[in-house]
Amino acid sequence: MRFRVLTALFVLGVSMMAAGQSNAQDGMNLGAGQTLKFVQNTATGFGNSTGTQASLGGSEINAVWGDVAGSTLSFSVSGNLEANFNKYFMFFDAVAGGENVLLNDNVDGGFNEVQALAGLTFDNGFTADHGLRLEVGSGFWGLRAFDLINNTAFTVASGGGGPADLPLNALTGGGVTFGWDNSNALGIDGASAAGALTATTGWEFVININTLFGGLVQDIGLAGFITSGDGTFLSNQVIGGLGAGAPNLAGPAGTNFNQFAGNQFVVFSVPEPGTASVLLGGLVMMLARRRRS
């Protein structure tokens, strides 16, 4: 019995350390071991991919999974991004401060398409402080990180092969590890969002909270959407969903997510302090009782 309790204690400790993380950041088999946070409810207005790494035909967001464990945020997003330099923007509400309405002084480390998003209004209570931006096109792919408080940015990783370099496996930079499989042909299409959970490939991230965000003072919110290459036109592919039949959003300055039902973001909850210690303490006490008996 003692061996079994020790084994359970070890397994619990390991599982807590690995909570919310999949075995590899390769953009495949998304959602394994993670909490489902969002299922797309809006058919794509940006076309439907035919299923190659170039995602010819369209871009979409299908679902989001993720968790926080210790100083690590792990999350996955199923979908694909057409290789025409469409952008996939993700904004985080992780620390105090930030922007509920995006300003025009932000930089993203590329051609600063994030400045084209100035005037976009997030849901009440969501203030973006950091972000990531993905793109792929002929002869280039890149993931960039940006800080909306300090107005700084850096390249996490990039390459010169365009879609020929995909899929990507466990690339790391600046506290971000990610994988990307862009070959999704399942999930939603231009007529229906009913098949959203059939998509199992896309983007996979493991983020060192201290490195990317400079610490943590709250649960972490994630908003995200796909835009045109220059950032001036928003699709209807939004984390949190816009509802059945919602059209593309067009100009960022006229976009206010408060006009849509629900939240156009998801929240990754930080476990209450002491949760792990209470569970582990209970096993230790059980072991002690077994030893005395």
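Let us look at the structure shown here.

So, how was this worked out
- Residues numbered from 1 in each chain as written.
- Predicted model: local features only at pLDDT ≥ 70, side-chain atom pairs only at ≥ 80, totals over all residues.
- Heavy atoms only, no water.
- Pairing = 2+ DSSP bridges.
- Helix = DSSP H or I, 4+ residues; strand = E, 2+ residues; numbered from the N terminus.
- Axes fitted to C-alpha atoms, helices over the stretch in contact; angles between N-to-C directions.
- Core = buried A, V, L, I, M, F, W, Y, C linked by side-chain atoms within 4.5 Å.
- Buried < 20%, exposed > 50% of the residue type's maximum accessible area, 1.4 Å probe, protein only.
- Contact = heavy atoms within 4.5 Å.
- Phe/Tyr/Trp six-rings, centres within 6.5 Å; stacked < 30°, edge-to-face > 60°.

**Considering the sheet that holds strand S2 (residues 60-69)**
Thinking step 1. Pairing in this open sheet of six strands is antiparallel, and the strands run S1-S2-S3-S10-S9-S8 from one edge to the other. Lying at the two open borders of the sheet, with one neighbouring strand each, are strand S1 (36-39) and strand S8 (168-173). Averaged over all adjacent pairs, the angle separating strand axes in this sheet is 15 degrees, with direction ignored.
Thinking step 2. Taken together, the four bridges between S8 and strand S9 (residues 176-180) define a ladder with antiparallel strand orientation. Bridge assignment links Leu-171 to a residue of S9, and that residue is Phe-178.

**Quick word on the nonpolar core**
Thinking step 1. By size, the foremost hydrophobic cluster in this structure holds 39 residues, and its most contacted members are Phe-75, Tyr-88 and Phe-205.
Thinking step 2. Those residues in contact with Phe-75 that sit more than four places away from it in its chain are Gln-34, Trp-65, Gly-66, Met-90, Phe-92, Trp-203, Glu-204, Phe-205, Ile-207, Leu-222 and Phe-268.
Thinking step 3. Within the second largest apolar cluster, 21 residues are counted, among which are Leu-120, Leu-148, Ala-223 and Leu-249.

**With respect to the packing of aromatic side chains**
Thinking step 1. In total, this model carries 18 aromatic pairs according to the counting rule given.
Thinking step 2. Their ring planes at 40 degrees and their centres at 5.1 Å tell us that Phe-126 and Phe-265 sit as a pair that is tilted. Remark: Phe-265 occurs in the loop between strand S12 (234-238) and strand S13 (266-268) and Phe-126 occurs in the loop between strand S4 (87-93) and strand S5 (130-137); sequence separation between them is 139 residues. Exposure class is identical for Phe-126 and Phe-265. Each is buried.
Thinking step 3. Centroid distance Phe-225 to Phe-257: 6.2 Å. Interplanar angle 45 degrees. Geometry classified as tilted. With Phe-225 in strand S11 (residues 220-227) and Phe-257 in the loop between S12 and S13, this pair connects stretches of sequence that are 32 residues apart.

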